[in-house]
Amino acid sequence: MASRSTAGGPSARIDYLVPDYDRPSWGIALLYEHVRLLRELGYDARVLHHRAPFRVRWLEQSAVPVAHLDALDREPSSADVVVVPEVIAAQAARLPFAWRRVVFVQGSFLIPGGLDGAADYRGLGYERALAVLPHVASVVERHFGVGADVVPPFIAPYFFRDGEAIRQQPRQRIVLFVMKPEYRRVGFPDYDIFMRLTRERFADRAGRGQREGGWRLMELDGSLSHALVADLMAEASFLVNLNSHEAFNTTVPEAMAAGCIPICYDAFGGRDFLLDGENAFVFPNHHVYPLVEKTLAVTGDDAGDETLLAMRLRARDTAGRYDVGGTRDALAQVFQRLMTSRAS
């Protein structure tokens, strides 16, 4: 497809600089998806990795052009745009190219580390930011020196179940569980506390033959494909997510799309879509004991089935706000302005 004509000429290109990171991550996948959508919109866009011949092996259907910094076909010009994840903002600013720089912020907590001592994005040569949520955009504009446009993420379509399916399909007595291993490595005790108390109580109930026994705790450790996780979420009753420094915290809205009720922390972006007791059970970061107690309560009493069904349907409605059409529309508006303007 021919590239759109821009202020820099018809050959202006959009590069998405992506870390050479080969562990499953929807944050990485979203960078690839932006490129795919921009190409559908008519832009000359591609993924740019650091060292040839790196490619992500886990991302299904990643049929977008991929180039590498150490094997470029031509040096980027001042008409070209590079979109850089917040985690490598300072690193990318040191690259010896004249392109226009845009930072893509998926997590506000990650901003300081990516700045690597710089005061703000403007000082590193960035002219604009993309942000996944309104709260993140506000943080960027108030504290980090550039204007920000919200380009919402989207949930992979295969997670969504329609309302009728959620009403009719019986839920299995399964509690899915996820916590990024990085949190344990830096010493957060949430994982160990949750696992010990929940497993002990589930085992105790089963041993005493209680009616509410038989619940299983299943950890999502990255070994399953994205599509298989979607199938599990369509069957399981709850997802416990103990990540505390995320913005979109992707497995939470994915579970909502499938009718699986999240039990989670508010993290650093949940305020934009989570309502405690309405579409999820939400706790302040690291309030792990109340979260454990809620998990044991909702798995120990079947009397609230109608209440839980209403929550599942409200969660599905919330997740419906994050579809690929919304991301495409936001990208179209942002890049229409950006590629027909000069660098500020």
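Please read all numbers here as calculations on a predicted model, not as lab measurements.

Draft legend 1. Just the overall build of the protein chain, in detail. Across its full length, the protein chain holds 12 helices and 12 strands. Evaluated residue by residue, the protein chain yields a buried proportion of 52% over its 344 residues. Across the protein chain, every contact between residues at least 6 apart in sequence was considered, and the portion connecting residues at least 24 apart equals 65%. For the protein chain, the accessible surface area stands at approximately 15,300 Å², while carbon and sulfur atoms represent 51% of it. With 39 positive and 43 negative side-chain charges, the protein chain shows a spacing of 2 Å between the two charge centroids.

Draft legend 2. Seen up close, the packing of helix H1 (residues 26–40) against helix H12 (residues 324–338). Between H1 and H12, whose axes approach to 10 Å, the crossing angle comes to 65 degrees. As judged from the angle between their axes, H1 and H12 are roughly perpendicular. Considering only the axes of H1 and H12, their crossing is right-handed. In this structure, H1 uses His-34, Arg-36, Leu-37, Leu-38 and Glu-40 to contact H12, whose residues at the interface are Val-324, Thr-327, Arg-328, Leu-331 and Phe-335. Among the residues forming the contact of H1 with H12, the class breakdown is five nonpolar, two polar and three charged.

Draft legend 3. Examining the state of the cysteines more closely. Tallied over the full model, the rule gives zero disulfides. Left unpaired, Cys-260 is separated from the closest cysteine sulfur, that of Cys-264, by 11 Å.

Draft legend 4. Layout of the confidence of the model for the protein chain. Chain-level pLDDT for the protein chain is 90 on average; 92% of the residues reach the 70-or-more range. Of the regions scoring below 50 in pLDDT, residues 5–10 engages in 10 contacts with residues more than four places distant in sequence or in other chains.

Draft legend 5. Region of the structure containing helix H8 (residues 226–235). For H8, the complete set of buried residues consists of Val-229, Ala-230, Leu-232, Met-233 and Ala-234. On its buried side, H8 packs onto strand E8 (172–178), strand E9 (216–219), strand E10 (236–241) and helix H9 (251–257).

Draft legend 6. Layout of the nonpolar core. Within the largest apolar cluster, 96 residues are counted, with the highest numbers of intra-cluster contacts made by Tyr-16, Tyr-121, Met-233 and Phe-335. The leading source of residues in this core is H1, at nine residues. Residue contacts for Tyr-121: discarding those within four places in its chain leaves Glu-86, Ala-89, Val-103, Val-105, Ile-111, Leu-115, Tyr-126, Val-140, Phe-144 and Val-146. Core analysis: the second largest hydrophobic core is formed by 25 residues, Met-179, Phe-194, Trp-215 and Met-311 among them.

The rules behind each value
- Residues numbered from 1 in each chain as written.
- Predicted model: local features only at pLDDT ≥ 70, side-chain atom pairs only at ≥ 80, totals over all residues.
- Heavy atoms only, no water.
- Helix = DSSP H or I, 4+ residues; strand = E, 2+ residues; numbered from the N terminus.
- Buried < 20%, exposed > 50% of the residue type's maximum accessible area, 1.4 Å probe, protein only.
- Contact = heavy atoms within 4.5 Å.
- Areas by Shrake-Rupley, 256 points an atom, 1.4 Å probe, with all protein chains shown as cover.
- Lys, Arg positive; Asp, Glu negative; His and termini not counted.
- Charge placed at Lys NZ, Arg CZ, Asp CG, Glu CD.
- Axes fitted to C-alpha atoms, helices over the stretch in contact; angles between N-to-C directions.
- Parallel < 35°, antiparallel > 145°, perpendicular 65-115°, else oblique.
- Left-handed = near helix turned anticlockwise from the far one by under 90°.
- Nonpolar A, V, L, I, M, F, W, Y, C, P; charged D, E, K, R; others polar.
- Disulfide = S-S within 2.5 Å.
- pLDDT = per-residue confidence, 0-100.
- Core = buried A, V, L, I, M, F, W, Y, C linked by side-chain atoms within 4.5 Å.

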